[in-house]
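Listed below are the residues making up each chain.
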Amino acid sequence: MDHNQLGATKGEGRTAGHVAAAEDEHRLLGLVLDSPEITSFLTELAIMTASCLSTQDNIIDCGVTVLREKKPAVAASSDARAASLDELQNGFGEGPCLTALQGNTTVLVPDLLVEERWHRYTEAALDNGVRSVLAVPLNLAGEAHGVTNLYSRQPNGFSDLDVLTAENFVANASRSIQLALSMAHLKGVHEDLLAAMQSRTIIDMAVGVVMAQNGSSQDEAISILTRSSNSRNVKLREVASTVVDSVGGKGTASKAS
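Residues numbered from 1 in each chain as written. Predicted model: local features only at pLDDT ≥ 70, side-chain atom pairs only at ≥ 80, totals over all residues. Heavy atoms only, no water.

**What about the sheet that holds strand β5 (residues 145-152)?**
Point 1. Spatial ordering of the open sheet is given by β2-β1-β5-β4-β3, a layout of 5 strands whose pairing is antiparallel. Where the open sheet ends on each side, the last strands, each with one partner, are β2 (74-77) and β3 (107-109). When the angles between neighbouring strand axes are averaged without regard to direction, this sheet yields 10°.
Point 2. Where β3 meets strand β4 (residues 132-138), 3 bridges bridge the pair, whose relative direction is antiparallel. In the strand pairing of β4, V107 is matched with A135.
Point 3. Helix-sheet contacts for helix α4 (residues 96-103) involve β1 (60-67), β3, β4 and β5, and the interaxial angle to β5 is about 150°. (Pairing = 2+ DSSP bridges. Helix = DSSP H or I, 4+ residues; strand = E, 2+ residues; numbered from the N terminus. Axes fitted to C-alpha atoms, helices over the stretch in contact; angles between N-to-C directions. Contact = heavy atoms within 4.5 Å.)

**As for the pairing of β1**
Point 1. By the criterion of burial, β1 is predominantly enclosed, with 7 of the 8 residues buried.
Point 2. In the sheet, β1 pairs with β5 via 8 bridges, with the strands oriented antiparallel. What sits directly across from T65, in β5, is V147.
Point 3. Here β1 pairs with β2 via 4 bridges, running antiparallel. In the strand pairing of β2, V64 is matched with A76. (Buried < 20%, exposed > 50% of the residue type's maximum accessible area, 1.4 Å probe, protein only.)

**A word on the environment of V234**
Point 1. Counting through the fold element by element, V234 comes out in the loop between α7 (218-232) and α8 (236-256).
Point 2. Those residues in contact with V234, other than ones at most four positions away along the chain, are S229 and V239.

**A few points about the environment of P110**
Point 1. By secondary structure assignment, the location of P110 is in the loop between β3 and α5 (119-127).
Point 2. On the basis of relative accessible area, P110 is assigned to the partly exposed category, the value being 38%.
Point 3. When the C-alpha atoms of P110 and S132 are compared, they prove to be 5.0 Å apart, with 22 residues separating the residues in sequence.
Point 4. If we skip the residues at most four places from it in the chain, P110 touches R131, S132, P155, N156 and G157.

**Structural notes on the pattern of salt bridges**
Point 1. Tallying each qualifying case throughout the model produces 5 salt bridges.
Point 2. Residue D61 pairs with R81 through a salt bridge whose shortest N-O separation is 3.4 Å. Placement of the pair is D61 in strand β1 and R81 in helix α3 (residues 80-92), with a sequence separation of 20 residues.
Point 3. Residue classification places R81 among the partly exposed residues on the basis of a relative accessible area of 28%. (Salt bridge = Lys/Arg side-chain N within 4 Å of Asp/Glu carboxyl O.)

**A short note on helix α2 (residues 38-53)**
Point 1. For α2, spanning 16 residues, the distance from its first C-alpha to its last is 23 Å, which sits close to the expected 22 Å at 1.5 Å a residue.
Point 2. Listed in full, the buried residues belonging to α2 are I38, F41, L42, L45, A46, M48, T49, A50 and L53. (Expected span 1.5 Å × (residues − 1).)

**Here's the deal with unusual backbone geometry**
Point 1. Although it is not a glycine, N104 adopts a positive phi angle of roughly 50°.
Point 2. Within the secondary structure, N104 sits in the loop between α4 and β3.
Point 3. Within the chain, N156 stands out as a residue other than glycine whose phi angle is a positive 55°.
Point 4. Structurally, N156 is set in the loop between β5 and α6 (160-214).
Point 5. Assessed through its relative accessible area of 59%, N156 is described here as exposed.

**As for the side chain of D61**
Point 1. Under the relative-accessibility criterion, D61 is labelled buried at 2%.
Point 2. Side-chain polar atoms of D61 contact the side chain of R81, separated by 3.4 Å.
Point 3. One polar contact links D61 to R153, side chain to side chain, over a distance of 3.3 Å.
Point 4. The residues touching D61, leaving out its near neighbours within four places in the chain, are S78, D79, R81, A82, N149, L150, Y151 and R153. (Polar contact = N/O pair within 3.5 Å; in protein donor to acceptor, adjacent residues only side chain to side chain.)

**What to know about the confidence of the model for the protein chain**
Point 1. Mean pLDDT over the protein chain: 74, with 68% of residues reaching 70 or higher.
Point 2. Within the protein chain, helix α1 (residues 3-34) has the poorest average pLDDT of any element, 45, and β3 the best, 96.
Point 3. Contacts of residues 185-194 to residues separated by more than four positions or lying in other chains number 1 contact, the stretch itself having pLDDT below 50.
Point 4. Note on residues 250-257: pLDDT under 50 across the span, and 1 contact to partners over four residues away in sequence or across chains. (pLDDT = per-residue confidence, 0-100.)

Right, dumping it as structure tokens:
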């Protein structure tokens with residue numbers, strides 16, 4: 001092969017790589033938009049990652065864990081084996097995936113049978129049929145921390161190309177996960193605002209009821225509701241809802257009579 005042919009081949013390889021990366025990112029973006037919750041998205045991501053790296057002779061299991069501040073951790077997996085292996089690491093507080101998460105670096109364990117770190121986890125993983133592990137951290141730009149955990153039942157189950165493929169795939173996934181987290185955050189903000197507006201509406205209605213029934217001013221009605229809330233150790237919204245419901249019940253009874 002002459003130099004021109006070699007250059008063309010390399011160029012074609014780079015082009016194919018860019019096309020594959022773009023297709024991966026498009027598929028991941030589709031998952032974000034199609035998944036109503038972050039857990040659903042991560043589950044689909046784990047299944048896609050496992051499928052991408054598995055071959056007929058080397059089945060890969062995948063787990064994904066995302067940690068967010070002031071919120072419970074979110075974990076998902078491609079199957080029950082991956083879920084069990086992730087839970088083992090969290091239970092023991094040690095393992096390649098936790099090491100990757102803490103050090104923000106890829107951790108490859110070619111063969112657990114000769115691995116000398118994480119003794120308790122290694123023994124448990126071997127009992128579950130795992131021989132090699134690849135852990136790749138997710139880059140979530142400070143919004144959260146996460147790691148993708150890949151398990152093979154074969155020793156040396158991850159080649160250098162597999163590691164590179166996994167890192168590229170996870171890099172694309174990280175951007176999609178950031179989008180999913182942002183969407184989940186916005187959904188939470190929207191729900192909080194909606195709940196606050198609903199509470200405000202109920203309280204305003206209750207104030208109007210108290211004013212009408214007692215001939216009191218707005219401030220006096222608010223004071224009456226607040227005292228009732230404090231004395232009964234019940235939220236103001238619940239007191240207001242009871243007041244409004246009682247008026248509705250009277251109205252229904254009078255119509256029925």
